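Take a look at the letters that make up each chain.
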Amino acid sequence: MSTTKIRLLKDYLLNKLENKNSISIILLSDDANNRKKAQESGIITTTVEKYIRSLKDFRYLADKLSQKSNESSEKKENLYPAHLSNGQIHDGIKRKDIFQGLFFVSKDNYLEGFVNVDGFEKPILIQGRCALNRAIDGDLVAIKLLPHNEWSLPSDMVLQDDQENDEDEDLQLSSTRSFEKQMTGNIVGIIRRKWRQYCGILLKNDVSKGSYHLFSPSERKIPKVRVETRQSESLIGQKIVVAIDHWPRNSRYPHGHFVRALGAIGDKTTENEVILLEHDIPHTKFSEEVLSFLPSMPWQISKEELSKRIDLRDLTICSVDPPGCTDIDDALHTRMLENGLIEVGVHIADVSHFIKPGNALDKEAATRATTVYLVDKRIDMVPELLSSNLCSLREGVERLAFSCIWEMDENANIKNTKYHKSVIKSKKAMTYEEAQLIIDDTNKNDDIAKSLRRLNSLAKILKNKRLDNGALVLASPEIRFQVDNETHDPIDVESKNNLETNSMVEEFMLLANVSVAEKILKEFPETAMLRRHPIPPQTNFEPLIKAGRNLGFNIVTTTGRELARSLDEAVNLDNPYFNTMLRIVATRCMMQAVYFISGTAQNCDYFHYGLAAPIYTHFTSPIRRYADIIVHRLLAACIGADKMYPQILDKTANALLCNNLNYRNRMAQMAGRASVALNTHLFFKNRMACENGYILSVRKNALLILVPKYGLEGTIYVYGKTDMPCKSGIIFKYDEENHTLSCGHITFRAFDPVKVRLSIDSSDIQHERLALELVEPFIENFSIKVETHNESVQTEMENFNKRKPGQRVEMKFKKKKL
């Protein structure tokens, strides 16, 4: 604003204010030139910082000042290379010697990261503090590739704690492995920062009465931040929020400022808030503007709406969901037709009827993108009136639906497909367990039982067809908490148990998604919203291939069909959990599935690798996924059930929407895992358990352990480097070719059985972790001794470690049913 406008504004305010003779108007500005001109015009002016420090109680406000000049006067040696200017980056991208992409920090090593670059099969590897060059997780960065002879591989070290004195931290990053190395580069500039507010704790400053402190973020991928605060005494022991202001070349850490306090460390409400903030989950209450677009209550289906829809209220339609599910968005039915075919229907909540394009409710749902499920709460994508009431396909209640109906023969061959806007009335809402009991109870022969058995029979055929086409059956450890009704604290934890009915529902949801994808692509070849799962680079499968080879199995990964066959054949009768572990490792070799717009990719890139489907989309969960709402609108336009609207044909706008959907989906998954970790810590807070486990992965300084009873993973650190002693003086030797760790006559390989003790390590109050300690096999001065010593376990461990590579040894551990 010009000084003339400022002077006019000053005069205007003085004319409007009462007692103007006793009031002074002050211009606050950090622009020195602006202050000088204002003073020449007779306006009192000062900087924002000086004004705040002149107040009686300025400390709280002063902490919120952006620390723009934090130690700027100090002459310190530069620690990082200078960033290229925007012009230099632009010219380099045109010359194709500089590339741009999103930067992500490794979850196992804070000194390592990856940049996803369009057109490259695999992310570019970035290693070492200088190569990372002040990039923070999520930044859009410019990178320059290193010469081919300087390419490397991801480190075998697990590094999670950034220490001030780790002078040799960049050692051990390079690898001498002989197989193909990964494209490696350096970050040379920042195109766009992804900075946000971060949660964490203030570390105590050893310097008495010092005002500068290090802030340690909850998320290990984020570096510590240097902040200035005079409230340190009251903030120690609190979870706080800090914003980053800048990161000078001569500072090891970025500089920032205190924003607000959240609450006491360890308090469950505080920690849940941290999870939501750290994963950028929109979780504020829905605004009045958003709520104004909800239908008035009481609500019922109007005669006019009913006349536009197919009436399916007389069909035996049922839903099958997890226990306690209130946002029921899918239901199924089957019935025999006079022509001898079987009619099968998938009925999906018609959320798009209530959410019209472009209004505040629609924009809020698009921003949130997905419902987020924590252990003890749910962050809805749409208001509860829709998610748990008007859109939820409740038992015995008339609801609006979008139906995909097939006519099939007894071999699940589709003869005809129709899509309808419909009205349904669910006859029964069941859990997976309840539906399974009905199917298995031969005394039950009512319409519901017959329908469920037909569905289950057809689903098995559909699944076998998918598997024959090369679809993968992958796995991940999942657990279920029993939560106290009053305190909401976890009181028990167990592995999830999948039933036939889980697969039954899944098969028909997959079939509906494929059918709808084919329909919308045919009608909208340039703007259909689809979902693809990229084929992983062969180098991704190296850990899986080596893990299988160590136990005598040849895992072939050249095609999805070959991988599926290899996984099916890799069965160890002596170890019933082996195949599941192998599939868990296979899952971690996969790429991330993503939403995209059909016109932005080649047809060959539509493929969904995991499902072996040439085309796929999401149609079946519009209550909890915004992508499904877009797909519903596309399908409705295809069948003439709804009018077209301009944005549905805007390829560029919808491509940007896909970027947000992919980001929110990834964050929601990570928030869910963080919630599981939090509740795991709460469950083991005052507990200690000794359990059988397996080695999922062997790293240079750690063993990654899976405990099947709880579906939990943890890490046993051997501390130190190859051929170097750990804290207890024991020397572990790492074989990078075979991914093994040896100590004396004991060798650890992937999938080896171990016995571990689980407890919570609270030595770092910021990052409390589930600590695993080795019980068996026993290594003097490293393993721990427990009172419940099991001689049979020790004997089997000794036999297992005496085996030759590829030799199978009979294991007799008793396993809890998963």
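Please refer to the structure higher up on the page.
Below is a summary of the structure that appears in this document. Not measured: the values here are computed from a predicted model. (Residues numbered from 1 in each chain as written. Predicted model: local features only at pLDDT ≥ 70, side-chain atom pairs only at ≥ 80, totals over all residues. Heavy atoms only, no water.)

## Here's the deal with the overall build of the protein
Looking only at helices and strands, the protein features 21 helices and 34 strands. For the protein, the proportion of its 818 residues judged to be buried stands at 51%. Counting contacts in the protein only where the partners sit at least 6 residues apart, residues at least 24 apart contribute 67% of the total. Surface accessibility of the protein: about 39,800 Å² in total, with carbon and sulfur atoms responsible for 49%. (Helix = DSSP H or I, 4+ residues; strand = E, 2+ residues; numbered from the N terminus. Buried < 20%, exposed > 50% of the residue type's maximum accessible area, 1.4 Å probe, protein only. Contact = heavy atoms within 4.5 Å. Areas by Shrake-Rupley, 256 points an atom, 1.4 Å probe, with all protein chains shown as cover.)

## Things to note about empty space enclosed by the protein
Inspection of every chain in the model, using the stated rule, returns seven cavities of 30 Å³ or more. Size it by volume and the second largest cavity reaches roughly 40 Å³. Lining the second largest cavity are A369, T370, Y595, R625, Y626, A627, L661 and N665. Taken together, the elements giving at least two residues each to the lining of the second largest cavity come down to α19 (626–638) and α20 (651–683). Split by residue class, the lining of the second largest cavity holds five nonpolar, two polar and one charged. (1 Å grid on protein atoms, 1.4 Å probe; cavity = no way out; pocket = protein on both sides within 12 Å on 5 of 7 lines; lining within 4 Å. Points joined across faces, edges and corners; volume = space filled by probe spheres on them. Nonpolar A, V, L, I, M, F, W, Y, C, P; charged D, E, K, R; others polar.)

## Let's talk about the sheet that holds strand β10 (residues 225–228)
Sheet strands pair by backbone hydrogen bonding; their relative direction is either parallel or antiparallel. Spatial ordering of the closed barrel is given by β8-β9-β10-β12-β11, a layout of five strands whose pairing is mixed. When the angles between neighbouring strand axes are averaged without regard to direction, this sheet yields 55°. Relative to strand β9 (residues 212–217), strand β8 (residues 197–203) runs antiparallel, the two being bridged by four bridges. The residue of β9 that forms the bridge with I201 is S216. Along the sheet face, helix α8 (residues 268–278) touches β8, β11 (238–246) and β12 (255–264) and points at about 145° away from the line of β12. (Pairing = 2+ DSSP bridges. Axes fitted to C-alpha atoms, helices over the stretch in contact; angles between N-to-C directions.)

## Considering the pairing of strand β15 (residues 330–336)
Across the seven residues that make up β15, a large majority, five, are buried. As consecutive antiparallel partners, β15 and strand β16 (residues 342–349) are separated by five residues, and within that stretch G340 has a phi angle of approximately 90°, a positive value.

## Section: a nonpolar patch on the surface
A grouping of I26, L28, I44 and Y51 is seen on the molecular surface, where their side chains present a nonpolar patch of about 340 Å² in accessible area. Mapped onto the elements of the fold, Y51 is located in helix α3 (residues 48–53). Y51 gets classed as partly exposed once you look at its relative accessible area, which sits at 33%. (Patch = residues over 30% accessible without salt bridge, like charges linked within 9 Å, V, L, I, M, F, W, Y side chains within 5 Å. Salt bridge = Lys/Arg side-chain N within 4 Å of Asp/Glu carboxyl O.)

## Observations regarding the nonpolar core
Soluble, globular proteins show a tendency: their nonpolar side chains are buried together. Ranked by size, the top nonpolar core spans 91 residues in total, and within it F508 and M529 carry the most contacts. Among residues more than four places away in sequence, those in contact with M529 are I520, F596, I597, T617, A627, I630, V631, L634, L657, C658 and L661. (Core = buried A, V, L, I, M, F, W, Y, C linked by side-chain atoms within 4.5 Å.)

Read these as layout, nothing more, since geometry by itself doesn't imply function.
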